[in-house]
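Okay, here's what each chain looks like letter by letter:
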Protein chains: 2
Amino acid sequence: MDTNGAFSAQERAAVYKCIFHRRDVRGEFLPDPVPDEVLTRILLAAHHAPSVGFVQPWVFIVVRRADVKARLFEAFVHANTEAAGMFEPGRAAKYRRLKLEGIREAPVGICVTGDRNRAGATVLGRTHQPDMDLYSTVCAVQNLWLAARAEGVGVGWVSIIRPEHLRDILAIPSAVVPVAYLCIGYTRYFHDKPELEKRDWARRIDIRECIRLEQWDGERPA
Amino acid sequence: MDTNGAFSAQERAAVYKCIFHRRDVRGEFLPDPVPDEVLTRILLAAHHAPSVGFVQPWVFIVVRRADVKARLFEAFVHANTEAAGMFEPGRAAKYRRLKLEGIREAPVGICVTGDRNRAGATVLGRTHQPDMDLYSTVCAVQNLWLAARAEGVGVGWVSIIRPEHLRDILAIPSAVVPVAYLCIGYTRYFHDKPELEKRDWARRIDIRECIRLEQWDGERPA
């Protein structure tokens, strides 16, 4: 493998296939175990995310025990009940019909955490943007997600859970931030579009709305 | 393209090649213009990042003007001078020898911003983790970075800059967070390892140190 090399058209297409067909999986998990060697490859991909000052702030907590998952699910239900009450009635009814996690069904859960003290108080690149280490940890999540997709493994990010409940259940110390709880497993299928788009919760924004030239209020591209 | 399909061994290898050979580019930018169609593909990849509640909170500010880059470079120098003073003397001397940005050399800069009000006050999935929209924006950065690598285009994240200077120079409103300033362009080559590793600033952590079973203080894998 030529580390400096160009990507062939086929290789480039594979990368885009992965990016465009990655999905947030909630309802399609299969109970089939994810082999250790597959999980190791996925975690190695996460570990090769960019990190500020090369501090590699992440720790991945791998959850397989049903009793731990049961407690996490309980924490989700608690938060999700609160969450539904925050929307106006019509939207709340729709919200309650959505399946938003697969904590118990997914054979593996991974809590991706960021250790804020991994490299001491002064970190190259974090001196003026203190959240850069958490952003690095998110880059690890995205690498993991894409590697999993290429392995045919689905990932779902459960954010409807109080961080203090994650801390409590997984014994995460105060200097460590639980950035993401991910449900991981093979899937019956991958949706062809994001589920929230399919279910008319939200629409894909035209990308031209998301691009500006030179300044925030600058021109949009043609 | 089968959206539900498995990835072939070749396709999977291409995704890993991209993940493992992505680099933070600072010193190797070529002046060659990045064609609009390449930039559009890279931005489309970013736009297909996961986003909490499918809010797609990102706006990409594309910077090509030399005068804008000059102001950004000045803001970097300001922050970088401060940053060097934060390390102990030996480390500071080493810090000053590192090339940490390519703002003026890279033909394109992209400021990836996250609009905190994109979908109103209550966002599905952000009710209990308020930074989820910024995390989504970081996922867009990572998608962009990987797509660029597959295109043979280098990306460097400049975090040594005060967010308020980014706001000022790029006229970013207060409800929008400048998450990342990225330098983008073709490169003379890609380093075979992260530069901070090559230059003995920091070492690659053994991945087994980054994995725990069931709990933060749980077993490490064999």
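Residues numbered from 1 in each chain as written. Chains lettered and ligands numbered in written order. Predicted model: local features only at pLDDT ≥ 70, side-chain atom pairs only at ≥ 80, totals over all residues.

*Asks:* Help me understand the environment of A:G5 in this model?
*Replies:* Residues and elements named next belong to chain A. With respect to the helices and strands, G5 occurs in the segment before α1 (9-21). Its 13 C-beta neighbours within 10 Å are what place G5 among the partly exposed residues. Residues G5 and M86 lie 81 residues apart in sequence; the distance between their C-alpha atoms is 51 Å. (Helix = DSSP H or I, 4+ residues; strand = E, 2+ residues; numbered from the N terminus. Buried ≥ 20, exposed ≤ 12 C-beta atoms within 10 Å, placed from the backbone.)

*Asks:* Which parts of the structure should I look at to understand the interface of chain A and chain B?
*Replies:* Size of an interface: often given as the accessible area lost when the parts come together. Facing 89 residues of chain A, the contacting portion of chain B comprises 89 residues. The dominant element in the side of chain A that touches chain B, judged by the number of residues it contributes, is α1(A), at eleven residues. A breakdown of the residues in the side of chain A that touches chain B according to their chemical character gives 58 nonpolar, 18 polar and 13 charged. Pairing of strand β5 (residues 211-213) of chain A with strand β1 (residues 58-63) of chain B, which is carried by three bridges, proceeds in the parallel orientation. (Contact = placed C-beta atoms within 7 Å. Nonpolar A, V, L, I, M, F, W, Y, C, P; charged D, E, K, R; others polar. Pairing = 2+ DSSP bridges.)

*Asks:* Quick question: what am I supposed to make of the nonpolar core here?
*Replies:* Among soluble globular proteins, nonpolar side chains are generally buried collectively. With 134 residues, the main nonpolar core has A:L144 and B:L144 as its most contacted residues. Setting aside residues up to four positions removed in sequence, A:L144 forms contacts with A:I42, A:L43, A:A45, A:A46 and A:V155. (Core = buried A, V, L, I, M, F, W, Y, C linked by C-beta atoms within 7 Å.)

*Asks:* Would you mind going over the relation of the copies chain A and chain B with me for this structure?
*Replies:* Under the fitted operation, chain A is carried onto chain B by 0.0 Å of movement along the axis and a turn of 180 degrees, and the coordinates agree to an RMSD of 0.0 Å. Considering both components of the superposition, the chain copies are consistent with a two-fold axis. Closest to the rotation axis within chain A is the C-alpha of A:V15, separated from it by 2.6 Å. Both copies present the same face, since 100% of the interface residues in chain A are matched by interface residues at the equivalent positions in chain B. (Least-squares fit on C-alpha atoms with pLDDT ≥ 70 in both.)

*Asks:* Would you mind showing me how to read the sheet that holds strand β2 (residues 108-115) of chain A here?
*Replies:* In a beta sheet, neighbouring strands are held together by backbone hydrogen bonds and run either parallel or antiparallel to one another. Pairing in this open sheet of five strands is mixed, and the strands run β3(A)-β4(A)-β2(A)-β1(A)-β5(B) from one edge to the other. At either end of the open sheet lies a strand with only one pairing partner, and these are β3 (153-158) of chain A together with β5 (211-213) of chain B. The mean inter-strand angle of the sheet, taken between neighbouring strand axes irrespective of direction, is 25 degrees. Pairing geometry for β2(A) and strand β4 (residues 176-186) of chain A, over eight bridges, is antiparallel. Opposite A:G109, over in β4(A), you have A:C183 as the bridge partner. Helix α6 (residues 163-170) of chain A rests against β1 (58-63), β2 and β4 of chain A of the sheet, and its axis sits at about 75 degrees to β4(A). (Axes fitted to C-alpha atoms, helices over the stretch in contact; angles between N-to-C directions.)

*Asks:* Would you take a moment to explain the packing of α1(A) against helix α5 (residues 132-150) of chain B for this structure?
*Replies:* To characterise two packed helices, one gives the angle between the axes of the helices and the distance between these axes. Contact geometry of α1(A) with α5(B) gives a least axis separation of 9 Å together with a crossing angle of 165 degrees. Looking at the two axes, α1(A) sits roughly antiparallel to α5(B). Where α1(A) crosses over α5(B), the handedness of that crossing is left-handed. Between α1(A) and α5(B), the residues in contact are A:E11, A:R12, A:V15, A:Y16 and A:I19 and B:N143, B:L146, B:A147 and B:A150, respectively. Taken together, the residues of the contact of α1(A) with α5(B) break down into six nonpolar, one polar and two charged. (Parallel < 35°, antiparallel > 145°, perpendicular 65-115°, else oblique. Left-handed = near helix turned anticlockwise from the far one by under 90°.)

On their own, these measurements won't tell you what the molecule is for.
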